[in-house]
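Secondary and tertiary structure notes
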Amino acid sequence: MALRKESRVRSLPPATDIPERDYDEPIKVKALQAPVLTGTALKLFLPLIEGPLGGPIIRKLMRNNGLPQILEELYIPEEATFRPNTSGWRAEDDVAWDLALLVGIESRCSSGGLSAAQRAAAAAALSPAFAARSSSPRRGSSSSGEAAPTSPPVRHYTAADYRAAYQSGRINPSDVAENIIEAIAASEAQSPPMRFLVAHDPELLRQAAAASTQRWRSGRPLSPLDGVPFAVKDCMDALPYPTTAGTGFMADWRTPTASIAAVQALQDAGALLVGKATLHEIGLGTTGLNLLTGTARNPHSTAHHTCGSSSGSAAIVAAGLCPFALGSDGGGSIRIPAAACGVAGLKPTHERVGTAWGVAPIDHTVSVIGPLAGSVLDLALMYAVVANTGQHEGVGAPPVLLPSSLDGSAGCDQSLAGKTAGICWKWFDDAAPAVAHACNAAVSLLEAKGLKVVEIQMPELALLRAAHSCTISSEMRNNMLAALQDPASRKRMNNETRVSLAVASGFEAAHYLNAQKIRTRIERHFRRAFEHCDVIITPTLPCTAPPIKPAALVAGESDLATTTSLMHYMLAGNMLGLPAVSVPVGAVPSTHPRPAAGKKAAAAAGAAPAAASPGNTGGGSSSSAVLEAAVAAAGCGPQLPPVWFDTLAARPSE
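Residues numbered from 1 in each chain as written. Predicted model: local features only at pLDDT ≥ 70, side-chain atom pairs only at ≥ 80, totals over all residues. Heavy atoms only, no water.

1. Overview of the overall build of the chain
Filter applied, for reference: Runs of H or I in DSSP of at least four residues are treated as helices and runs of E of at least two as strands, each being numbered from the N terminus. Only protein chains enter the accessibility calculation, which uses a 1.4 Å probe; a residue is then buried when its area is under 20% of its type maximum, exposed when over 50%, and partly exposed in between. In what follows, a contact means two residues having at least one pair of non-hydrogen atoms within 4.5 Å. Accessible surface area values rest on a Shrake-Rupley calculation with a 1.4 Å probe, where residue burial reflects the displayed protein chains alone.
Check the secondary structure of the chain and you find 24 helices and 19 strands. In the chain, which comprises 654 residues, the proportion classed as buried is 61%. Summarising the internal contacts of the chain: among those between residues at least 6 apart in sequence, 82% fall at separations of at least 24. Approximately 24,600 Å² of the chain is accessible, and the part contributed by carbon and sulfur atoms is 55%.

2. Remarks on the pattern of salt bridges
Rules: Any Lys or Arg side-chain nitrogen located within 4 Å of an Asp or Glu carboxyl oxygen qualifies as a salt bridge.
Applying the stated criterion to the full structure yields 18 salt bridges. One continuous salt-bridge network, built from bridges that share partners, spans Glu78, Glu460, Arg521 and Arg524.

3. Quick notes on unusual backbone geometry
With an omega of -5°, the peptide bond between serine 191 and proline 192 qualifies as cis. The amide bond that connects glycine 308 to the next residue, serine 309, takes the cis arrangement and shows omega of 20°. With respect to the helices and strands, the residue serine 309 is situated in the loop between strand 9 (301-305) and helix 12 (311-318). One non-glycine residue, glutamate 460, adopts positive backbone phi at about 60°. Along the chain, glutamate 460 turns up in the loop between strand 15 (452-455) and helix 17 (461-485).

4. A word on helix 2 (residues 54-64)
The condition is simple: Arc definition: it is the arc formed by the directions from the helix axis to the C-beta atoms.
Gly54, Ile58, Leu61 and Met62 are the residues of helix 2 that are buried. Down the axis of helix 2, the smallest arc covering the buried residues is 95°, so these residues share one side. In helix 2, the exposed positions angled more than 90 degrees off the buried face are occupied by Arg59 and Lys60. Contact partners of the buried residues in helix 2: helix 1 (40-50), helix 3 (67-71), helix 19 (495-504) and helix 22 (560-565). Glycine 66, located one to two residues past helix 2, shows a positive phi value of around 75°.

5. Digging into the side chain of threonine 564
Among the structural elements, threonine 564 can be located in helix 22. Apart from the residues within four sequence positions on either side, threonine 564 is in contact with Leu32 and Arg465.

6. What about the pairing of strand 6 (residues 229-233)?
Note the following rule: Criterion used throughout: strands pair if DSSP finds at least two bridges between them.
Buried residues dominate strand 6, accounting for 5 of its 5 residues. Burial along strand 6 is two-sided: Pro229, Ala231 and Lys233 and Phe230 and Val232, pointing in opposite directions, are all buried. Where strand 6 lies against strand 10 (residues 324-329), 3 bridges are found, and the strand directions are parallel. Residue phenylalanine 230 lies in a different strand from strand 10, and its bridge partner there is phenylalanine 324.

7. Focus on the packing of aromatic side chains
Put simply, the rule is: Stacked, edge-to-face and tilted are the three classes for Phe, Tyr and Trp ring pairs, Trp counted by its six-membered ring, which pair at centre distances within 6.5 Å; planes under 30 degrees apart are stacked, over 60 edge-to-face, the rest tilted. In this scheme, Lys NZ or Arg CZ marks a charge over a ring once it lies within 6 Å of the ring centre and within 35 degrees of the ring normal.
All told, the structure shown has 8 aromatic pairs when counted by the stated rule. With a centroid separation of 5.9 Å and 85° between ring planes, the pair formed by tryptophan 89 and phenylalanine 530 is classed as edge-to-face. On the criterion of sequence distance, the pair formed by tryptophan 89 in the loop between strand 3 (74-75) and strand 4 (96-98) and phenylalanine 530 in the loop between helix 20 (509-529) and strand 16 (535-539) is long-range, its members being 441 residues apart. An identical accessibility class is assigned to tryptophan 89 and phenylalanine 530; each is buried. Ring pairing ties together the aromatic residues Tyr157, Tyr162, Tyr166, Trp216 and Trp644, which thus form one cluster. It is arginine 527 that lies over the ring of tryptophan 89; its NZ or CZ is 4.2 Å from the centre.

8. Side note on the nonpolar core
The line we're drawing: What we call a nonpolar core is a set of buried Ala, Val, Leu, Ile, Met, Phe, Trp, Tyr and Cys residues that are connected through their side-chain atoms within 4.5 Å.
Formed by 92 residues in total, the largest nonpolar core has its most connected members in Ile70, Met458, Leu501, Ile518, Phe526, Ile536 and Ile537. Ranked by the residues each element gives to this core, the list is headed by helix 17, at 12 residues. Leave out the neighbours within four places in its chain, and leucine 501 touches Ile282, Leu284, Met476, Arg477, Met480, Leu484 and Met493. Membership of the second largest hydrophobic core comes to 87 residues, among which are Ala123, Ala231, Val343 and Val643.

9. Quick notes on the confidence of the model for the chain
To keep things clear, this is the line we draw: Predictor confidence is given residue by residue as pLDDT, running from a minimum of 0 to a maximum of 100.
Confidence along the chain averages 87 in pLDDT terms, with 84% of residues attaining 70 or more. Considering only residues more than four positions removed or in separate chains, one finds that residues 105-111, a stretch of pLDDT under 50, has 24 contacts. Contacts for the low-pLDDT stretch residues 134-149, under 50 throughout, to residues beyond four places or in other chains number 31 contacts.

10. Quick word on the packing of helix 1 against helix 2
Let me state the cut-off plainly: Helix axes are fitted to C-alpha atoms over the stretch in contact, other axes to C-alpha atoms as well, and angles between N-to-C directions run from 0 to 180 degrees. Oblique is the label for any angle not under 35 degrees, not over 145, and not in the 65 to 115 range, which are roughly parallel, roughly antiparallel and roughly perpendicular in turn. All residues other than Ala, Val, Leu, Ile, Met, Phe, Trp, Tyr, Cys, Pro, Asp, Glu, Lys and Arg, Gly among them, are scored as polar; the first ten of these are nonpolar and the last four charged.
Where helix 1 contacts helix 2, the two axes come as close as 6 Å, and the packing angle between them is 100°. When the interaxial angle is binned, helix 1 and helix 2 end up roughly perpendicular. Judged by residue contacts, Phe45, Leu48 and Ile49 of helix 1 engage Gly54, Ile57 and Ile58 from helix 2. A class-by-class count of the residues in the contact of helix 1 with helix 2 yields 5 nonpolar, 1 polar and no charged.

11. Details of helix 19
Among the 10 residues in helix 19, 10 count as buried, and that is most of the element. Those residues of helix 19 that sit buried are Asn495, Glu496, Thr497, Arg498, Val499, Ser500, Leu501, Ala502, Val503 and Ala504.

12. Things to note about a nonpolar patch on the surface
What counts, and what does not: The patches described consist of residues with a relative accessible area above 30% and no salt bridge, like charges being joined within 9 Å and nonpolar side chains (Val, Leu, Ile, Met, Phe, Trp, Tyr) within 5 Å.
A grouping of Leu291, Leu553 and Val554 is seen on the molecular surface, where their side chains present a nonpolar patch of about 250 Å² in accessible area. Since its relative accessible area comes to 68%, valine 554 is described here as exposed.

13. Concerning the pairing of strand 11 (residues 344-347)
Covered by surrounding structure in strand 11 are Ala344 and Leu346 together with Gly345 and Lys347, the residues of both alternating faces. Two strands pair when backbone bridges link them, and strand 11 and strand 12 (residues 368-373) are joined in this way by 2 bridges, in the antiparallel orientation. Paired with glycine 345 across the two strands is leucine 372, which belongs to strand 12. Pairing of strand 11 with strand 18 (residues 580-589) involves 3 bridges; the strand directions are antiparallel. The residue of strand 18 that forms the bridge with glycine 345 is serine 582.

14. So, the environment of proline 542
Within the secondary structure layout, proline 542 lies in the loop between strand 16 and helix 21 (552-555). For proline 542, a relative accessible area of 11% translates into the label buried. For the pair proline 542 and threonine 591, spaced 49 residues apart in sequence, the C-alpha to C-alpha distance is 9.3 Å. When near neighbours in sequence (up to four residues on either side) are disregarded, proline 542 contacts Asp430, Ala431, Ala432, Val435, Ser565, Leu566, His568 and Tyr569.

15. Description of the side chain of glutamate 523
Tracing the backbone shows glutamate 523 in helix 20. Discounting residues that sit within four places of it in the chain, glutamate 523 has contacts with Asn85, Trp89 and Leu576.

Here it is in structure tokens:
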């Protein structure tokens, strides 16, 4: 009698049939297991994994981490969804303003017809705090507008602070430009150099600042953002700079003919482009390590990573050189470095900030463009200007909606009454105890403002991680195939990037298709969760920024376990296209072994709001603003970092 071997295939029930509680998870989430390779070990391992022996090594690595068990041995009944489905999410309950109506355009079809300057002015009008700062003297000025003795700032400057300084005549955009140019030089001269930027032309900045200064002197600034400096992650086109995407070859492949629409919109509103910000090569990593361009350093502790991949964008904002910057986010690459550097970061709804042109092709179905800023208010201002720009032909973008007030301290103490946050506590508590404690305290602050918290379940997070890993890695390898096939281009890659792309070769077409079925499945889980809440709150990171290993700065480092752990709370926003925002809530001791003596790292909490229409961040923005204000009032937010530059300092008299 023949014995039948038991099948390894497990059939999943339809997502709609999964009970809300007591679901028997097919695969549990476990910490990824992979060797940490640095220096000589990484150099020796590279030809091994790229050669004939690479296949067996990659298959073993994948099986040890449950990838074939999910992408091959599970029967997934759902159909594949190849792009985020951002339609049909539950409407927000709170009042939101259409920017078009704020400037008198009687149409709720789209805000796309507004100029960038009109959008900036309309968004600024929603902030009582912005109006107050713009009409009263700031620190370092007197009632007569003359320079006065300055006192140390206690928070990051906002766009409103720049506008107030320009209105008072205490300083002008040309003065600010000179302060920035000197600060960048000082940041590069220090040890270690900060490496905020990969490209910066002082003369271009001076020319733009001179034009802005003239507009202010004549009383005709373009918008509230006129003369406000910003930086752009170097995966986006911003003329006349080349776009390298953190590589040694990308600038040779493509010659930008126009800036990405988001950059052009900011410049049309008068904002000053400082330069192109550093990033992890092609965004394939979450530490920010890049030997080709230099590794951006964390202003809170230069011995720790900024995290990434929008490393320079987060670091330059944290260091005070810009109140905001543009980044991109395919797996947390805005929110992760924002949290690690103690600033705010917004991942908008998929394609809310259009990428029809002007961005290096890397990971198109999961990545978005979005802002990082020193305040939630500036996130909203920047979002208002760049949203609905650069859309693909035939894409009908919905109106740009913002909450009725962007001032988190405005109104009554119960400003969040009527709103509900969902928390999966089992998932939430995966964070290191110190981080979880800081984020728990932030939740309590929100509850004191009237927010109701309900417990929700987040099933199949292991499937989500596998699907995202397969999707983003496959898309990146596909877009880098030409470079991998060209010996000269391949040789110019970081060793870490080559190892990661080699591992990605283990994913097959069938795996990618199953990953998109999981995308469908996870979407249904989140739609059900949002039936019970307006936002979902998690920590942004499960840990603080990891320390930089000296050997990694010499020959690179492959640490897939750390890369994956930093994305622990990030992936749903990218796979489903949902907006998500990270807000700093405190500073805690490093959660890693042997932290630098006396150093602390930033902790942050993230919220993923539901949307009435793609990109409506109304609930998330208002909740985030309240959280930011409450954290500041409680005195538990991160302080300005040791590496910080005062760009609004009065210039020496000539």
